[in-house]
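Next come the chains, spelled out residue by residue.
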Amino acid sequence: MFTALVTAGALLAGCSGGSAAGGGSGSDTVHWGTKQIPVAWDPVVTGSTAATNYLTPIYESLFTLDEKREVKPALAEGYEYNPAGDKITIRLRPGLTFQDGTPVNAEAVKFNIDRIKSQQNSALKGSYNNVKAATVIDDRTVRLDLGQQDYQIPRLLAVRGGMLPSKAAAQADPVKLSQTAPVGAGPFKVVEIVPESKIVLEKWDGYWDAANIHVKRIEINFGIDASTLVPGLQSGVYNFAQIDGAQIQQARSAGFDILAGVDRQWGSTFLSLNLNKAPFTDPKVVEAIRYAVNPAEFADKLGFGKGEPTHQPFPKGHPAYVDALEAEHPYNPARAREILAKAGYSDGEISFEIGGVANNFDQVAEVLQEQLKAVGIKTTIKLTDFANWGKGYYGKTLAASVFGYVGRDSHVQALTEHYDTGGVLNLSSPYTSAPFQQALKAVRATPLDSPDYGPRLQAAAKAGYENGSTVSLYTYASAIAKKKSLSDLPAIDGFLSWKGVTFTHGD
Amino acid sequence: MIRTLLRLTSARVALALLAIIALVTVLGPVLAPYDPLKGSGRTLAGPSGKHWLGTDYIGRDVLSRILAGAPLSIVSTLEVAGIALVLGTIPGILSVYLGSAFEWLSLRVVDTFIALPFLVFAVAMTALLGNGITQAMIVVGMLIAPVFYRVSRAATMSVARSQYVEAASIAGASTAWIVRSHVWSKVLPSVAVTLAQTLGIGLVVISSLTFLGIGIQPPTPTWGGILASDLGYLAQKPYAPVFPTLLILAAVLACNLLADAIRDAAGETGRALTGAKTARTNRARRLAAPADPAQP
């Protein structure tokens, strides 16, 4: 019944042919289709995830990123560190307001940082571990006191980790802000939300850089079956869609632009292990799993030409990518078996449940299960809906789960999420390792423009992976298909920026 | 009734289809040419001499998965029908005889279940009970049970008011005796029709739930699960969903044909089973009748 409807929808959409007409090309409206369904609209609750693509039109951050991935002013006009590097003073632009008319001021910044650190369902708590306090200096100036020297803070406060909701809206009703009425200071304001179905956004003229926003309206349609997205583009229902790797060729053949590259949007798929739960309390089991995993098979079967086999949660070319890690645990099932045998485990003695989100990680779990079976590890797959899975994953009660992430604007934040106490992707939290903490301290204390920054970042990435509980499976470039009438979005890692994006009429 | 039924062409076609499906269900896992869970390097390959229906996204033989998936797909459907039958029919009959309090309560419960959005309830109950095949079967069975409740209650009410039942009651027959001797024979044909329809519905609903990731977990093959995953690779293998869809369609068609045949064979009264000629007349009358009695 349901499948029949989906198929019929796909066929009907496809029947309209590949016309470039419709879909808002004449109305400066982005008709956006995605299979994703955001569960929250408060950036504090959402965290720095792929879902921020839907939040960044509504919320602006203190800082933003340019195409060179350098930090640029946004709601803040600048920042200054003290000589010791453990305090940062941020100066806001004058006269800014949120979409509800309340002021963007130092109080609002402090309020949101306090909320990140104290709100029970905050997904950013771990990322802000090193921010100890926010102090209002005057209406436009706020100071952050840090636990240790840390030059990553402007990156943490940029785009994915630093979106600023209205203090008044969050104070009045945080649930309403998160579910039905998000209010920020971004380029678009919310006109309508239909939960789990769609959101309609309209250009907000009060945005500080409104002159650079040419798109008038964005309509995002959620929960669209992936197989219907390209037919939807062809029929003009959408003019912008986040598609799966399996659909890239179809979209390209139909004449749509494909934006896909690790310089834009990428994802990393990994297995999170809980070192506090058997059988992963034994480091030999973790080591054996690392040898048992074959990233090349994941990339080949699931990447559709956009996958990359990596033994670390970053794609090649990323500043935190470490060449040495690739050689540390190459695919070697014989070695995995040998490690398990030496540790006293017989064939099939080790068994565990692989958790995950249904309809997102099914194929990943299936390939992984077969790879582990080949070395004598028995697994059962248990996929559930996001809400139920999230209770176990974020509550750190699952033993193992497949999951993915899309990187972070602060490279250090990308590491702390995986390997630090409280990191949302650290299933073993509060576990963290001493070598990682030492390397983390060093990279935080290194200015981003220092020649030592790269090597120290990679040293922290290496220490984190080696001593952490993440087993990387593969990385891939996420794909967007769009009509040619919509100009390219700036290529900024993990950020769909609508600045400068225009429609060409008449095609 | 069975003899009458077997003389109807639709019933014979339905039973032949169901026999084939039963055969596939019993022998499918044995007949599967490859391990249905084992992948290979040949992903999304088209039909060939080695793989008659091609391979899936991780290189598993599609024919083997369809054959191996038959028992779970069919047995889970039978489970759903059984749960719905028990949960719906017994309270439906008892609601007529157990007094107004039970009648009121059972009707309100049934009204509530009818009002619940099907898939939303399934998702919520799975969240509550856990995501497993048993839980999914219970949920679907609960949601289909009101159909059995309504059908059995209506049939029981009509027989409960008949003169021969009133006569039996006046003569001192107990409620249990009346239900055993008079009510069952009246209710059973209607329930049998509903059961046949439910088998068809159950198969599609189980497929829908598998499609949503509820119930059966990967890599266990089911027809619904195979169909769901095939839809993700339409660009590479546009014909792939046809194979599991044909099987689901055949099973649903067979159940519906059988349901129609039972109704035709049972006749209007349901109690006195009619001969094949009358059954064919019933069928002709049913097909000639307007879909909406209010329409001329």
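Residues numbered from 1 in each chain as written. Chains lettered and ligands numbered in written order. Predicted model: local features only at pLDDT ≥ 70, side-chain atom pairs only at ≥ 80, totals over all residues. Heavy atoms only, no water.

Along chain A, the regular secondary structure elements total 18 helices and 19 strands. Taking 23 Å as the expected radius of gyration for a compact globule of 507 residues, we find that chain A reaches 23 Å, a close match to that expectation. For chain A, buried positions account for 57% of its 507 residues. Of the contacts made within chain A by residues no fewer than 6 positions apart, 70% connect residues no fewer than 24 positions apart. When the accessible surface of chain A is summed, it comes to about 18500 Å², and 52% of that surface belongs to carbon and sulfur atoms. Looking at charge distribution, chain A has the averaged site of its 48 positive side-chain charges lying 2 Å from that of its 52 negative ones. (Helix = DSSP H or I, 4+ residues; strand = E, 2+ residues; numbered from the N terminus. Rg over C-alpha atoms; globule rule 2.2 N^0.38 Å. Buried < 20%, exposed > 50% of the residue type's maximum accessible area, 1.4 Å probe, protein only. Contact = heavy atoms within 4.5 Å. Areas by Shrake-Rupley, 256 points an atom, 1.4 Å probe, with all protein chains shown as cover. Lys, Arg positive; Asp, Glu negative; His and termini not counted. Charge placed at Lys NZ, Arg CZ, Asp CG, Glu CD.)

Further remarks concern the pairing of strand β11 (residues 240-243) of chain A. All names here are of chain A. Residues Phe 240 and Gln 242 of β11 are buried on one face, and the alternating residues Ala 241 and Ile 243, pointing to the opposite face, are buried as well. Bridge count between strand β1 (residues 29-33) and β11: two bridges; the pairing is parallel. In the sheet register, Trp 32 faces β11, and the bridge partner there is Phe 240. The pairing of β11 with strand β19 (residues 479-482) spans four bridges and is antiparallel. Looking at the pairing, Ala 241 lines up with Ala 481 of β19. (Pairing = 2+ DSSP bridges.)

With that out of the way, let us pick up the pairing of strand β17 (residues 400-405) of chain A. Residues and elements named next belong to chain A. Across the six residues that make up β17, a large majority, six, are buried. By the alternation rule, side chains of β17 split into Ala 400, Val 402 and Gly 404 and Ser 401, Phe 403 and Tyr 405, which are all buried. Bridge analysis of strand β13 (residues 266-273) against β17 gives six bridges, and the strand direction is antiparallel. Bridged to Leu 271 within β17 is Val 402.

With that out of the way, let us pick up the domain arrangement of chain A. Residue and element names in this part refer to chain A. Each assigned domain of chain A is listed with its residue range as follows: domain 1 (63-171) and domain 2 (266-477). Averaged C-alpha coordinates put domain 1 and domain 2 at centres separated by 30 Å. Counting residues at the interface gives 18 residues for domain 1 and 21 residues for domain 2. The junction of domain 1 with domain 2 conceals about 1600 Å² of combined surface from both sides, 45% of it contributed by carbon and sulfur atoms. Here domain 1 is connected to domain 2 by two salt bridges. One salt bridge connects Asp 150 with Arg 444, and the closest N-O pair in it is separated by 3.4 Å. Counting across the domain 1 and domain 2 interface gives 12 residue pairs in polar contact (both at pLDDT 80 or more). (Domains from an automatic or database assignment. Buried area = accessible area lost by both parts, 1.4 Å probe. Salt bridge = Lys/Arg side-chain N within 4 Å of Asp/Glu carboxyl O. Polar contact = N/O pair within 3.5 Å; in protein donor to acceptor, adjacent residues only side chain to side chain.)

This part takes up the interface of chain A and chain B. Contacts between the two partners involve 25 residues from chain A, matched on the other side by 29 residues from chain B. Our count for the chain A to chain B interface comes out at one salt bridge. On the surface where chain A and chain B come into contact, there are nine residue pairs in polar contact (both at pLDDT 80 or more). Looking at the side of chain A that touches chain B, the elements with two or more residues in it are α1 (2-15), α14 (362-373) and β16 (378-384) of chain A. For the side of chain A that touches chain B, the leading source of residues is α14(A), giving six residues. For the side of chain A that touches chain B, the per-class residue count stands at nine nonpolar, 10 polar and six charged. (Nonpolar A, V, L, I, M, F, W, Y, C, P; charged D, E, K, R; others polar.)

Quick look at the packing of helix α3 (residues 62-97) of chain B against helix α6 (residues 133-160) of chain B now. Residues and elements named next belong to chain B. Interhelical geometry of α3 versus α6 gives an angle of 35 degrees and a closest axis separation of 5 Å. Where α3 crosses over α6, the two elements pack in a sense that is right-handed. Considered class by class, the residues forming the contact of α3 with α6 number 21 nonpolar, eight polar and two charged. (Axes fitted to C-alpha atoms, helices over the stretch in contact; angles between N-to-C directions. Left-handed = near helix turned anticlockwise from the far one by under 90°.)

This part takes up the sheet that holds strand β10 (residues 217-221) of chain A. All names here are of chain A. Strand order in the open sheet formed by seven strands is β8-β9-β10-β1-β11-β19-β12, and the pairing between neighbours is mixed. With one partner strand each, in any of the chains shown, β8 (188-194) and β12 (257-260) form the two edges of the open sheet. Strand-to-strand twist of the sheet, defined as the mean angle between neighbouring strand axes without regard to direction, takes the value 20 degrees. With five bridges joining them, β1 and β10 adopt parallel strand pairing. Within the sheet, the bridge partner assigned to Trp 32 lies in β10 and is Ile 220.

This brings us to the sheet that holds strand β4 (residues 76-81) of chain A. Residues and elements named next belong to chain A. Read across the sheet, four strands follow the order β4-β5-β7-β6 without closing on themselves; strand pairing throughout is antiparallel. On the outer flanks of this sheet lie β4 and β6 (131-138), each paired with one strand and no other. With direction set aside, neighbouring strand axes in the sheet form an average angle of 20 degrees. For strand β5 (residues 87-92) and strand β7 (residues 141-146), the ladder comprises five bridges, and the chain directions are antiparallel. If you follow Thr 89 over to β7, its bridge partner there is Arg 143.

Glancing now at helix α10 (residues 283-292) of chain A. Residue and element names in this part refer to chain A. The buried fraction of α10 amounts to seven of the 10 residues, a majority that puts the element mostly inside the structure. Of the positions making up α10, those classed as buried are Val 285, Val 286, Ala 288, Ile 289, Arg 290, Tyr 291 and Ala 292. Between the side-chain oxygen of the N-cap and the backbone nitrogen of Lys 284 there are 2.9 Å, and the N-cap of α10 in question is Asp 282.

A word on the packing of aromatic side chains. All names here are of chain A. Counting across every chain of the model gives 30 aromatic pairs over all chains. The interplanar angle of 10 degrees and the centroid separation of 6.0 Å between the aromatic rings of Phe 298 and Tyr 474 together place this pair among those described as stacked. Residue Phe 298 is located in helix α11 (residues 295-302), and its partner Tyr 474 is located in strand β18 (residues 470-477); the two are separated by 176 residues in the primary sequence. Per residue, the accessibility class of Phe 298 equals that of Tyr 474, and both read buried. (Phe/Tyr/Trp six-rings, centres within 6.5 Å; stacked < 30°, edge-to-face > 60°.)

A few words now on the environment of A:Ser429. All names here are of chain A. Inspection of the secondary structure puts Ser 429 in the loop between α16 (411-419) and α17 (434-444). Taking the C-alpha atoms as reference points, Ser 429 and Pro 315, 114 residues apart in sequence, are found 24 Å from one another. Once residues lying within four places of it in the same chain are set aside, the contact partners of Ser 429 are Asn 276, Lys 396, Thr 421, Gly 422 and Gly 423. Within the structure, the side chain of Ser 429 is placed 2.7 Å from the backbone nitrogen of Gly 422, a separation counted as a polar contact.

We now examine the pattern of salt bridges. Residues and elements named next belong to chain A. Per the stated rule, a full pass over the model turns up 31 salt bridges over all chains. Here Arg 160 makes a salt bridge to Asp 409, at a shortest N to O gap of 3.2 Å. Of this pair, Arg 160 sits in the loop between α5 (153-156) and α6 (167-172) while Asp 409 sits in the loop between β17 and α16, and the two are 249 residues apart along the sequence. With a relative accessible area of 2%, Arg 160 lands in the buried category. When its relative accessible area of 4% is taken as the criterion, Asp 409 is described as buried. One network of salt bridges, in which partners are shared, links Asp 257, Lys 482, Lys 484 and Asp 488.

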